[in-house]
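Analysis of the macromolecular model
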Amino acid sequence: MMQVNNRNLSLFINLSYGILISILFCNLAFSNEGEYHDIGNGIRINEKLRSETLIPKSLTEKIEDNSFLIDNYTKTMTKEYLEMKGNQMPFLGFYLRFDSEKDLEFYDYEYDLKLQWSLFRDGLYESKKTLKKEKLQNELQILQLNNNIKDFRLNGSLDDISNISEYISSLNFFELADTLEEIIKRRSAQLKDGYITKDDLEQTKFQYNQALLNKGLYNLESPAIIDLLEPPAIIDLQSFNILNRIEFCKLINLDSLLKQTRETSIDLKIQENLIKRAELAKSWADDLTADLYIQHRRDQADDTENNIGIQLEIPIHYYKGRGKIIRKEQELYRHQMSIVEVRSKKQLKKLSKMFYFQQRKILVKLLEYEKISNNIITATERAKDMSDVLDYTPERAIDLMLTEKINVKYEIMGLRIKIYEIIAKIVSAAGLENFKDAVILH
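In this report, we go over the structure that sits alongside the text. Note that the coordinates shown come from a computational prediction; the quantities given were computed from them, not determined experimentally.

**Regarding the overall build of the protein chain**
When its secondary structure is counted, the protein chain shows 10 helices and 8 strands. Going through the 442 residues of the protein chain one by one, you find that 36% of them count as buried. In the protein chain, once contacts between residues fewer than 6 apart in sequence are set aside, the share between residues at least 24 apart is 77%. Accessible surface, the protein chain as shown: approximately 26500 Å² in total, 55% of it carbon and sulfur.

Structural data, given as structure tokens:
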């Protein structure tokens, strides 16, 4: 994607307004009849001519797109799974212990029956901590997987956009070649009548051969690319309708995009997960044992005892600097979070600028397209006046304008596809569901 700095962007916009206004006043007298769309500053777009520059309907998705349903299913399953993990009851640390011993010489025996409640190591404390670790680890794995899926979806969208761009280029080459073929027939006749020179005809043939070479890239006789002329059919109807009115749309507020990003960013959620996991680092309490118990014991002399008690096993060490290490680790993750937020903000601001830059280019090209169309009408009317034939031959100018009009038409379609790519990146970066959530329709 082309890089545009703020100075160049401002210069282009200012020049664009100048060109738009100049073209408007130069062509008001020659405008085609039809409905106009007011875009401000006294500038209007001819809807009839604009409709000729729209992305072909053949590119719309012909089969139901289930990717959104699959995505919702994944989200639902993930939510249910993590809720189940969060609702798991930890092991309460109760043990029923039984020991028995028999003397083989005197056949005396003894036993020890104990109900024990272990609060720390291998008991209630350890169980709760283990469940927290497992849940956070599962969340981290799911987040990493979702991040991969998000990247796969974006890359898939960019591949689709590349295919669409190639298809539109093929339409341009085929229409241009067909038009030049007709022009060559007319110019051959004009050469016989002395209206044009041989150089004029040769120049047209050169352009025709160039178009044929480009057209050959999509030759149906080549087995390797036999399907290239078939419409990719990879734009869903909603996106298709947005792209064909994109010059009249606005992006949603940048602050709203940033807020959405903070709420849905997988990268930020991964950092939050790591911050929580840092608190579960091994501590002194992990090596502590504290057991409460109720005991019934019988010895070999048939004496019985009923006891209650506590058993402690206290570690005489500690993990030096544990608190400082945790705080430093969390500080690192929070710093990474701030980097992610700054990067996301810069990315969205850049994409937003590129969106309006390409949108302005579409408006400029639409008025250029209208100018060419009006000039063709004027030249065609003049060509009917045979009194001008000796000192002016408008047919040559018409032929040039016809090819120029074709190129501008497909250039506008190409700009729509560039905006398609920009919106796809915005949707991915902000964690939006689809194109409709990124733009405001007018």
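**Here's the deal with the sheet that holds strand β6 (residues 289-298)**
With antiparallel pairing, the 4 strands of this open sheet are ordered in space as β3-β4-β6-β7. The two strands at the open ends of the sheet, each matched to only one other strand, are β3 (94-102) and β7 (304-313). Looking at each pair of strands side by side, their axes are set apart by 20° on average, direction ignored. Note: β6 against β7, 10 bridges, orientation antiparallel. For Ala290, the partnering residue across the bridge sits in β7 and is Leu312.

**Quick word on the packing of helix α4 (residues 124-193) against helix α8 (residues 266-278)**
Contact geometry for α4 and α8: axes closest at 10 Å, N-to-C directions at 160°. One element, α4, and the other, α8, form an angle in the roughly antiparallel class. Once α4 is placed against α8, the crossing between them reads as left-handed. Residues Leu136, Gln137, Glu139, Leu140, Leu143, Gln144, Asn146 and Asn147 of α4 form the contact with α8, whose own contacting residues are Ile266, Asp267, Lys269, Ile270, Asn273, Leu274, Lys276 and Arg277. Partitioned by chemical class, the residues of the contact of α4 with α8 number 6 nonpolar, 5 polar and 5 charged.

**Structural notes on the nonpolar core**
Membership of the largest hydrophobic core comes to 62 residues, with the highest contact counts inside it found for Ile235, Ile246, Ile423 and Ile426. Counting residues per element, this core draws most heavily on helix α10 (residues 394-430), which supplies 18 residues. Among the nonpolar cores identified, the runner-up in size contains 10 residues, and Ile270, Tyr333, Met337 and Val340 belong to it.

**Describing α8**
Here α8 spans 19 Å end to end across 13 residues, near enough to the 18 Å set by a 1.5 Å rise per residue. Within α8, the full set of buried residues consists of Ile266, Leu268, Ile270, Gln271, Asn273, Leu274, Ile275 and Ala278. Of the surrounding elements, those touching the buried residues of α8 are α4, α7 (254-264) and α9 (322-383). Its side-chain oxygen at 3.4 Å from the backbone nitrogen of Asp267, Ser265 defines the N-terminal cap of α8.

**Details of the pattern of salt bridges**
Note that side chains of opposite charge can pair when their charged atoms are close. As enumerated under the stated definition, the model contains 18 salt bridges in all. Put simply, Lys129 and Asp286 hold a salt bridge, and the shortest N to O gap is 2.8 Å. Of this pair, Lys129 sits in helix α4 while Asp286 is found in the loop between α8 and β6, placing the two residues 157 residues apart along the sequence. The pair formed by Lys129 and Asp286 is uniform in burial state, with each residue classed as buried. Linked by salt bridges that have partners in common, Glu47, Arg50, Glu247 and Arg416 make up one network.

**Some points on the environment of Phe248**
As for its placement among the helices and strands, Phe248 is situated in the loop between α6 (237-243) and β5 (250-251). Phe248 sits in the buried class, given a relative accessible area of 7%. Remark: the alpha-carbon pair of Phe248 and Leu441, spanning 193 residues in sequence, is separated by 7.3 Å.

**Here's the deal with α7**
If you check which residues of α7 are buried, you get Leu257, Leu258 and Thr261. On an axial view of α7, the arc spanned by its buried residues comes to 95°, and they lie on one face. Regarding α7, its N-cap is Asn253, as a side-chain oxygen of that residue lies 2.7 Å from the backbone nitrogen of Asp255 further along.

**Here we look at empty space enclosed by the protein**
Following the criterion strictly, the structure yields 3 cavities of 30 Å³ or more and no others. The volume enclosed by the second largest cavity comes to roughly 40 Å³. Lining the second largest cavity are Leu180, Ile183, Arg187, Thr204, Gln207, Asp399, Leu400 and Thr403. Contributing elements (two or more residues each) for the lining of the second largest cavity: α4, α5 (198-216) and α10. Looking at the lining of the second largest cavity, its residues break down into 3 nonpolar, 3 polar and 2 charged.

**A short note on the packing of α7 against α9**
Interaxial distance between α7 and α9 falls to 10 Å at its minimum, and their mutual angle equals 140°. Two packed elements cross with a definite hand, and for α7 against α9 that hand is right-handed. On α9, the residues that touch Leu254, Leu257, Leu258, Thr261 and Arg262 of α7 are Glu341, Ser344, Lys345, Leu348 and Lys349. Its residues assigned to classes, the contact of α7 with α9 comprises 4 nonpolar, 2 polar and 4 charged.

The rules we used
- Residues numbered from 1 in each chain as written.
- Predicted model: local features only at pLDDT ≥ 70, side-chain atom pairs only at ≥ 80, totals over all residues.
- Heavy atoms only, no water.
- Helix = DSSP H or I, 4+ residues; strand = E, 2+ residues; numbered from the N terminus.
- Buried < 20%, exposed > 50% of the residue type's maximum accessible area, 1.4 Å probe, protein only.
- Contact = heavy atoms within 4.5 Å.
- Areas by Shrake-Rupley, 256 points an atom, 1.4 Å probe, with all protein chains shown as cover.
- Pairing = 2+ DSSP bridges.
- Axes fitted to C-alpha atoms, helices over the stretch in contact; angles between N-to-C directions.
- Parallel < 35°, antiparallel > 145°, perpendicular 65-115°, else oblique.
- Left-handed = near helix turned anticlockwise from the far one by under 90°.
- Nonpolar A, V, L, I, M, F, W, Y, C, P; charged D, E, K, R; others polar.
- Core = buried A, V, L, I, M, F, W, Y, C linked by side-chain atoms within 4.5 Å.
- Expected span 1.5 Å × (residues − 1).
- Polar contact = N/O pair within 3.5 Å; in protein donor to acceptor, adjacent residues only side chain to side chain.
- Salt bridge = Lys/Arg side-chain N within 4 Å of Asp/Glu carboxyl O.
- Arc of directions from axis to C-beta.
- 1 Å grid on protein atoms, 1.4 Å probe; cavity = no way out; pocket = protein on both sides within 12 Å on 5 of 7 lines; lining within 4 Å.
- Points joined across faces, edges and corners; volume = space filled by probe spheres on them.

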